[in-house]
Amino acid sequence: MTERIIRLEDVSLATLWGSENRNFEYIRKTFPILKLIARGDELKILGEPSQIKKLERILSRMVHHVQKRHTLTPLELESIVERSLSKIKVNKPEDSSVDSLVDEGLPPSSDVIVYGAEGRVIKARTPNQYKMVESLAVNDVLFAIGPAGTGKTYTAVALAVRALKNKEIKRIILTRPAVEAGENLGFLPGDLKDKVDPYLRPLYDALDDMIPQEKLKYFLENRTIEIAPLAFMRGRTLDNCFVILDEAQNATDMQLKMFLTRMGPKAKFIVTGDMTQVDLPKKSQSGLVTAVRILDSIEGIGMVYLTGVDVVRHKIVKRILEAYGDINK
């Protein structure tokens, strides 16, 4: 058994080890065959040399990350550990671009979509979310179809925020059909914004994770980010912007055609929806069903289908979807 003592200098130990030592416990569980003893700015490690070497690499990146970003959230730590262990396993030292990013304690840009508020690492976490990222890289229109909880809207908003931060576009426009989800909300008080905001709340929630509050407020006030009902897209040309139509299963054929034909020459469109949750009147055809059928073969339009495997909410959500799927068979 080898003993190694590491001095953790010039770094905030409270930030490094996390609230209630959660980061330390995560590391301990990641290396269960090592014995870790933390005293002050010293960490004593007992165990196999090969495992100690892996842990040293991760600790170095953790320290660098804290020194650079002054934060180390559980998600950030998870990403550092995943990438570090993956790199050790793959062993591709010739890939200097990946090495430099990992050495900074940051996941490679191919994994991270955007760094959100408070350093939150936002990345594709399932195979079909990765497909969304890859498809949008080669297409200007993307349809992301799948059940609730698969991260299709969240991933789409992350891609839009990344495009804005990279100055690939000048504006983000997020829209939804104002259709009640099986409920009669009745008369809503207030101005127009007050009336439509309840329908658009999920889009605000995603933005809250990705853009600091003050900056988001500024973007909304100067219309760098616009959130509006689908009906407000009529008659407009949406150019030099990233546009997301969420809950597209509740758009009619004419509404979806109207939306898609708003596209300017320098725009990206993402359409998300769940064909199992159509809230339109029974006699109305979902425009999403028609669009997927007739647009599938058009060059420049990508189609990604998410499934229960991609659910990123509580694990029981997958079982709920499976149960309702059995009823609908």
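Please read these numbers as outputs of a predicted model, since none were measured by experiment. Note on numbering: residues in each chain are counted from 1, in written sequence order. Since the coordinates come from a predicted model, pLDDT governs what is reported: local features require at least 70, and pairs of side-chain atoms require 80 or more to be given and counted, while whole-chain, interface and lining totals use all residues. Side-chain figures throughout are based on the complete set of non-hydrogen atoms in the structure, without hydrogens or water.

K.L.:
Break down the overall build of the protein chain for me, with residues and values.
P.N.:
The numbering of helices and of strands both runs from the N terminus, where a helix is a DSSP run of H or I of at least 4 residues and a strand a run of E of at least 2. Along its length, the protein chain carries twelve helices and eleven strands. Expressed as a percentage of the 329 residues in the protein chain, the buried residues total 45%. By definition in these notes, contact holds between two residues if any of their heavy atoms fall within 4.5 Å. Contacts in the protein chain between residues at least 24 apart in sequence constitute 71% of all its contacts with a sequence separation of at least 6. In these tables, accessible area is a Shrake-Rupley quantity obtained with a 1.4 Å probe, and a residue counts as shielded only by the protein chains included in the view. By element, 52% of the accessible surface of the protein chain is carried by carbon and sulfur atoms, the whole surface being about 17,900 Å². The classification of residues rests on relative accessible area computed with a 1.4 Å probe and restricted to protein chains. Under 20% of the type maximum is buried, over 50% is exposed, and intermediate values are partly exposed.

K.L.:
Report on the packing of helix 10 (residues 253-260) against helix 11 (residues 287-295), specifying residues and quantitative values.
P.N.:
Contact geometry of helix 10 with helix 11 gives a least axis separation of 8 Å together with a crossing angle of 55°. Between helix 10 and helix 11, the interaxial angle falls into the category oblique. Here helix 10 and helix 11 pass one another in a crossing that is right-handed. Contacts between helix 10 and helix 11 involve D253, L256 and L260 on the former and, on the latter, G287, L288, T290, A291 and L295. Helix axes are fitted to C-alpha atoms over the stretch in contact, other axes to C-alpha atoms as well, and angles between N-to-C directions run from 0 to 180 degrees. Note on angle classes: values under 35 degrees are labelled roughly parallel, values over 145 roughly antiparallel, values of 65 to 115 roughly perpendicular, and the remainder oblique. Each crossing gets its hand from how the near helix is turned against the far one by less than a right angle, where anticlockwise is left-handed and clockwise is right-handed.

K.L.:
Describe the pattern of salt bridges, with residues and values.
P.N.:
Here, a salt bridge means any side-chain nitrogen of Lys or Arg that lies within 4 Å of a carboxyl oxygen of Asp or Glu. Scanning the entire structure with this criterion turns up 14 salt bridges. Close ionic contact of E42 with R7 constitutes a salt bridge, the shortest N to O distance being 3.0 Å. Within this pair, whereas E42 is found in strand 3 (residues 42-47), its partner R7 is found in strand 1 (residues 2-7), the two being separated by 35 residues in sequence. A relative accessible area of 32% places E42 in the partly exposed class. E20 serves as the salt-bridge partner of R22, at 3.4 Å between the closest nitrogen and oxygen. For the pair R22 and E20, one class covers both residues: exposed. Put simply, R7, E9, D41 and E42 are held in one network by salt bridges that share partners.

K.L.:
Could you give an account of the sheet that holds strand 7 (residues 171-176), with specific residues and numbers?
P.N.:
Pairing between strands is defined by DSSP: at least two bridges between them are needed. Reading across from one edge, 8-7-9-10-6-11 is the order of the six strands in this open sheet, with parallel pairing throughout. Lying at the two open borders of the sheet, with one neighbouring strand each, are strand 8 (225-229) and strand 11 (301-305). For this sheet, the mean inter-axis angle between neighbouring strands, taken without regard to orientation, is 15°. Two elements, strand 7 and strand 9 (residues 241-245), share five bridges in a ladder whose sense is parallel. Paired with R171 across the strands is C241, a residue of strand 9. Taken strand by strand, helix 7 (residues 152-165) contacts strand 6 (141-145), strand 7, strand 8, strand 9 and strand 10 (267-273), and its axis lies near 170° from that of strand 9. On top of the sheet, helix 11 reaches strand 6, strand 10 and strand 11; it is set at about 125° to strand 6, its chief contact.

K.L.:
A description of the packing of helix 6 (residues 127-138) against helix 7 should follow, citing residues and the corresponding values.
P.N.:
Each pair of packed helices gets described by two things: the angle between the helix axes and the distance between those axes. The interhelical angle for the contact between helix 6 and helix 7, taken along N-to-C directions, is 35°, at an axis separation of 10 Å. The two elements helix 6 and helix 7 cross, and the hand of that crossing is right-handed. Across from Q129, M132, V133 and L136 in helix 6, the residues of helix 7 making contact are K152, T155, A156, L159 and R162. Under the convention adopted here, Pro, Cys and the residues Ala, Val, Leu, Ile, Met, Phe, Trp and Tyr are nonpolar, Asp, Glu, Lys and Arg are charged, and Gly plus all remaining residues are polar. For the contact of helix 6 with helix 7, a count of residues per class yields five nonpolar, two polar and two charged.

K.L.:
Outline the side chain of R176, listing residues and values.
P.N.:
Mapped onto the secondary structure, R176 falls in strand 7. Note on R176: relative accessible area 11%, which makes it buried. Each residue touching R176, except ones within four places of it in the same chain, is listed here: Y199, L200, P202, L203, A228, P229, L230, L245, D246 and E247.

K.L.:
Could you give me a rundown of a nonpolar patch on the surface, with the residues and numbers involved?
P.N.:
Where nonpolar side chains cluster on the molecular surface, the patch consists of I316, I320 and Y324 and spans about 300 Å² of accessible area. Mapped onto the secondary structure, I320 falls in helix 12 (residues 316-328). Excluding any residue in a salt bridge, patches collect residues exceeding 30% relative accessible area, merging like charges within 9 Å and nonpolar Val, Leu, Ile, Met, Phe, Trp and Tyr side chains within 5 Å.

K.L.:
Pulling in residues and values, what's your account of the packing of aromatic side chains?
P.N.:
Here a Phe, Tyr or Trp ring, Trp counted by its six-membered ring, pairs with any other such ring whose centre lies within 6.5 Å, and the pair is stacked when the planes are under 30 degrees apart, edge-to-face when over 60, and tilted otherwise. All chains considered together, the criterion is met by three aromatic pairs. A ring pair is formed by Y218 and F219, whose centres lie 6.1 Å apart and whose planes are at 45°; its orientation type is tilted. Its end group placed over the ring of Y115, R69 keeps NZ or CZ at 4.4 Å from the ring centre. The rule for a charge over a ring is simple: NZ of Lys or CZ of Arg within 6 Å of the ring centre, and within 35 degrees of the ring normal.

K.L.:
Account for helix 10, naming residues and giving values.
P.N.:
Residues separated by three or four positions in an α-helix point in the same direction, a consequence of the helix having 3.6 residues per turn. Taken together, the buried positions of helix 10 are L256, M258, F259 and L260. Those residues of helix 10 hidden inside the fold are in contact with strand 6, strand 7, strand 9, strand 10 and helix 11.

K.L.:
Describe the nonpolar core, and please don't skip the residues or the numbers.
P.N.:
The criterion is simple. A nonpolar core is a set of buried Ala, Val, Leu, Ile, Met, Phe, Trp, Tyr and Cys residues joined through side-chain atoms within 4.5 Å. Membership of the largest hydrophobic core comes to 37 residues, with the highest contact counts inside it found for L207, I225 and F242. Beyond its immediate sequence surroundings of up to four residues, L207 is in contact with V157, V161, L174, L216, I225 and I227. By size, the runner-up hydrophobic cluster in this structure holds 26 residues, among which are I145, A228, L230 and L245.

K.L.:
I'd love a proper account of the sheet that holds strand 3, names of residues and values included.
P.N.:
With respect to topology, three strands assemble into an open sheet ordered 1-3-2, the strand pairing being antiparallel. Of all strands in the sheet, those with a lone pairing partner are strand 1 and strand 2 (35-39), marking the two edges. On average, adjacent strands in this sheet sit at an angle of 15° to one another, irrespective of strand direction.

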